[in-house]
Amino acid sequence: MNVALCNPPDALVDVLRGYATLCPIRTLQFPNTLSFHQVHEFLLNHILLHPFFISYPPSPQYQQQFWKWTLAHLESMPMEEDDEIDYRLYHHHVSLVSRSTTSYAMGFIPPLPSYFTYFWRQGGGPDFESATLLESRTTIESGTTGLKTWGASLVLAQFLTVYSDLVRGKRLLELGSGAGLLGIIAANIQLMDSSACESIYLTDVNPEVLARCAENLSLPCNKSSSHPSIKTVHLDWTDSLDPIGIASVHDLLEEASPDVILGADVVYDPGIIPSLVEILRLALEHQGRTALIALTERNQDTLAQFIQAARMSLCVEQLQVTLADTRMFWGISDFGDSIPDQIVKVFQLSTRPDRPGIE
Ligand SMILES: C[S@@+](CC[C@H](N)C(=O)[O-])C[C@H]1O[C@@H](n2cnc3c(N)ncnc32)[C@H](O)[C@@H]1O
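Our subject in this report is the structure included herewith. Owing to the predicted nature of the structure, the values given are computational and were not obtained by experimental measurement.

Cut-offs and rules
Every chain's residues receive numbers from 1 upward, in the order its sequence appears when written. Under the rules for a predicted model, residues below a pLDDT of 70 receive no local features and side-chain atom pairs below 80 are neither given nor counted, while totals for whole chains, interfaces and linings still include all residues. Helical segments are the DSSP runs of H or I of at least four residues, strand segments are the runs of E of at least two, and each set is numbered from the N terminus. With C-beta atoms placed from the backbone, a residue is buried if 20 or more other C-beta atoms are within 10 Å of its own, exposed if 12 or fewer are, and partly exposed between those counts. By definition, residues are in contact whenever their C-beta atoms, placed on the basis of the backbone, come within 7 Å of each other. Our arc is simply the arc of the directions from the helix axis toward the C-beta atoms. Strand pairing requires that DSSP identify at least two bridges connecting the strands. Every angle, taken between N-to-C directions, lies between 0 and 180 degrees, and every axis is a line fitted to C-alpha atoms, over only the stretch in contact when it is a helix.

## So, the overall build of the chain
Phase 1: A count of helical and extended segments in the chain gives twelve helices and nine strands.
Phase 2: The buried share of the chain, taken over its 359 residues, is 38%.
Phase 3: Look at the contacts in the chain between residues 6 or more apart in sequence, and 77% of them connect residues 24 or more apart.

## Considering the environment of leucine 48
Phase 1: With respect to the element layout, leucine 48 can be found in helix α2 (residues 36-48).
Phase 2: Residue leucine 48 is classed as buried on the basis of its 21 C-beta neighbours within 10 Å.
Phase 3: Contacts of leucine 48, omitting those with residues within four sequence positions, involve Leu43, Arg88, Leu89 and His92.

## Considering helix α8 (residues 207-217)
Phase 1: All buried positions along α8 are accounted for by Val209, Leu210, Arg212, Cys213, Asn216 and Leu217. Along the axis of α8, the buried residues cluster in a sector spanning 165°; they form a single face. Exposed residues lying more than 90 degrees from the buried face of α8 are Pro207 and Ala211.
Phase 2: Residues of α8 that are buried in the fold lie against β2 (128-135), α7 (181-191), β4 (200-204) and β5 (230-234).

## A few points about the sheet that holds strand β6 (residues 260-264)
Phase 1: The sheet built from seven strands is open, its strands ordered β5-β4-β3-β6-β7-β9-β8 with mixed pairing. Edge positions in the open sheet fall to β5 and β8 (314-319), since each of these has one partner strand only. The sheet shows a mean angle of 20° between the axes of neighbouring strands, taken without regard to direction.
Phase 2: Strand contacts of helix α11 (residues 300-311): β7 (290-296), β8 and β9 (344-351), with the helix running at about 140° to β8, the strand carrying the most contacts.

So this is what it looks like as structure tokens:
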């Protein structure tokens, strides 16, 4: 099941993508230049009544804001004689308001986890691919940052969809994979050509994050659910510096034997840098392997510390990433009003030529 986006105007696609990734309402643009009929038909049939969004809806709290906004705009659009707003739009909004009023009466309810659906066009074709994830809507939930998708993943995801040869036919290993967006996208790209399917290992330290990641990978709407060789595995970077834990790290790296190592938003705590660099060094020990690490620059010192530590044993090159369409994945709320490719830096890491790796 998927949302059939058969060439509607970009302005409507933008509304749908904004809705599907819970973009702040203030960042959405209502398609006022289109006719009432066209906009109304799209909102009713492609969003409200569409089976995809009935199965994988944004949270009720977000929907309430969205439908309030759309109804207010629809009501102020010029209408033809036969035009009217379908009662189901009003009915849906009223039912959301009454649900939230009941919740408020019971006390403050933090934002609930929600489905997020990211749409992208693969290889410049007309059709949209999609990745759906159940994500937390708070920065830290259950003591982990891994239950939501972070901006660095969105930038790296877009990078991989453009430079798809980086994942097609490659054995992949992701460090700190969180909710699983990059895995779903990599699986999707590999499945476009069945001969390009290789193993994809998504790793994380947190059991709850790994469970959520596995659930997201196996959602029937995601192509990753039919990938022959995608798995979630526990991997704690700190084991790379632990005399006992190191054996399990070696076992996993030998089993996964990755051509490409991925990591997004994995440098936010200076304390973790030595073990993260060590695990990258071990994973890259074999010739020809490469790592792509996307980092959000929140603190210049922390980023500089990571680069300095990594350069002690690895080649580190910053890639020039300019995103032609910065709204490709939307939902980039942790960037505020900044431009994603200016605050997310993508680095390519490999074995240093003066330290030849294993052939
Ligand atoms: C900020 S989140 C990023 C998640 C995902 N890559 C993204 O960009 O959406 C950092 C992730 O690193 C994981 N992590 C933190 N410390 C780790 C460690 N020592 N070993 C493995 N994973 C770790 C967390 O559990 C979390 O999933």
